[in-house]
Amino acid sequence: MKKLGYQADSGFVLHDVEEEEKGQILLYHSEKIAIAFGILNTSPSKPILVTKNLRCVDFHTAVKFMTLITKREITIRVAS
C-alpha cells in the first residue's frame, strides 16, 4: 500500500506516544485485521463487509488501497 502512496493518518490516535509509534498502532487496527482474515479465508469473488462502530479516516483510506490491490469489493458500514 505504501508503494501506491498510502500514508497512515495518525491524527485519530489519541495515545500520548511518538508519531512513529502511532503509525505502528494503526497497523494493528482490528478492522484491518478482519479484512486480512476475510481476504485469506474467502474466495476472491466474494465481497467483504465490515461493520464498525466508529468512523476513522485512516481506515477508510486504507480500505481504498486494499480494494485496489486485491481487486475485491470491500464495503464498510459504520453503525452510527
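Below is a short write-up of the structure. Residue numbers here run from 1 along each chain, matching the order of that chain's written sequence. Per-residue local features are limited, in this predicted model, to residues with pLDDT of at least 70; the limit for side-chain atom pairs, both in listing and counting, is 80 or more; totals at the level of whole chains, interfaces and linings are taken over all residues. Side-chain metrics rest on all non-hydrogen atoms present in the structure, leaving aside hydrogens and water.

1. A look at the overall build of the protein chain
Phase 1 of the analysis: Helix and strand assignments come from DSSP, with helices taken as H or I runs of at least 4 residues and strands as E runs of at least 2, each series counted from the N terminus. Across its full length, the protein chain carries 3 helices and 2 strands.
Phase 2 of the analysis: Taken from the N to the C terminus, the helices and strands of the protein chain come in the order α-α-β-α-β.
Phase 3 of the analysis: Residue burial in the protein chain is summarised as follows: out of 80 residues, 29% are buried.
Phase 4 of the analysis: Contact between two residues is taken to exist if any of their heavy atoms lie within 4.5 Å; hydrogens are not considered. Taking contacts inside the protein chain between residues at least 6 apart in sequence as the whole, the part at least 24 apart equals 65%.
Phase 5 of the analysis: Looking at the protein chain as shown, the accessible area adds up to about 5900 Å², and 57% of this sits on carbon and sulfur atoms. We call a residue buried when its accessible area falls under 20% of the maximum for its residue type, exposed when it is over 50%, and partly exposed in between, using a 1.4 Å probe and counting protein chains only. Here, Shrake-Rupley sampling with a 1.4 Å probe gives the accessible areas, and only protein chains in the shown set may cover a residue.

2. Observations regarding the packing of aromatic side chains
Phase 1 of the analysis: What counts as a ring pair is set by centres within 6.5 Å for rings of Phe, Tyr and Trp (its six-membered ring), and what kind of pair is set by the plane angle: stacked under 30 degrees, edge-to-face over 60, tilted for all other angles. According to the stated counting rule, one finds 1 aromatic pair in the structure shown.
Phase 2 of the analysis: Their ring planes at 65° and their centres at 5.8 Å tell us that Tyr6 and Phe65 sit as a pair that is edge-to-face. Within this pair, whereas Tyr6 is found in the segment before helix 1 (19-27), its partner Phe65 is found in helix 3 (residues 57-70), the two being separated by 59 residues in sequence. Considered together, Tyr6 and Phe65 belong to a single accessibility category, that of buried residues.

3. Observations regarding the pairing of strand 1 (residues 48-52)
Phase 1 of the analysis: Only one face of strand 1 is buried: it carries Ile48, Val50 and Lys52, and the other face, with Leu49 and Thr51, is open.
Phase 2 of the analysis: For two strands to pair, DSSP has to find at least two bridges joining them. Pairing between strand 1 and strand 2 (residues 74-78): 5 bridges, direction parallel. When the sheet's bridge partners are listed, Ile48 is paired in strand 2 with Ile74.

4. Examining the packing of helix 2 (residues 30-41) against helix 3
Phase 1 of the analysis: With their axes 11 Å apart at the nearest point, helix 2 and helix 3 run at an angle of 15° to one another. Of the possible angle classes, the one that applies to helix 2 and helix 3 is roughly parallel. The crossing of helix 2 and helix 3 is right-handed. Two secondary-structure elements touch here, helix 2 through Glu31, Lys32, Ile35 and Ile39 and helix 3 through Asp58, Phe59, Ala62, Val63, Met66 and Thr70.
Phase 2 of the analysis: For this scheme, ten residues count as nonpolar: Ala, Val, Leu, Ile, Met, Phe, Trp, Tyr, Cys and Pro. Four count as charged, namely Asp, Glu, Lys and Arg, and the remainder, Gly too, count as polar. The class makeup of the residues in the contact of helix 2 with helix 3 is 6 nonpolar, 1 polar and 3 charged. All axes are obtained by fitting lines to C-alpha atoms, using only the stretch in contact for helices, and the reported angles, taken between N-to-C directions, cover 0 to 180 degrees. Working definition: roughly parallel below 35 degrees, roughly antiparallel above 145 degrees, roughly perpendicular at 65 to 115 degrees, and oblique for all remaining angles. The handedness criterion is simple: a crossing whose near helix is rotated anticlockwise from the far helix by less than a right angle is left-handed, and one whose near helix is rotated clockwise is right-handed.

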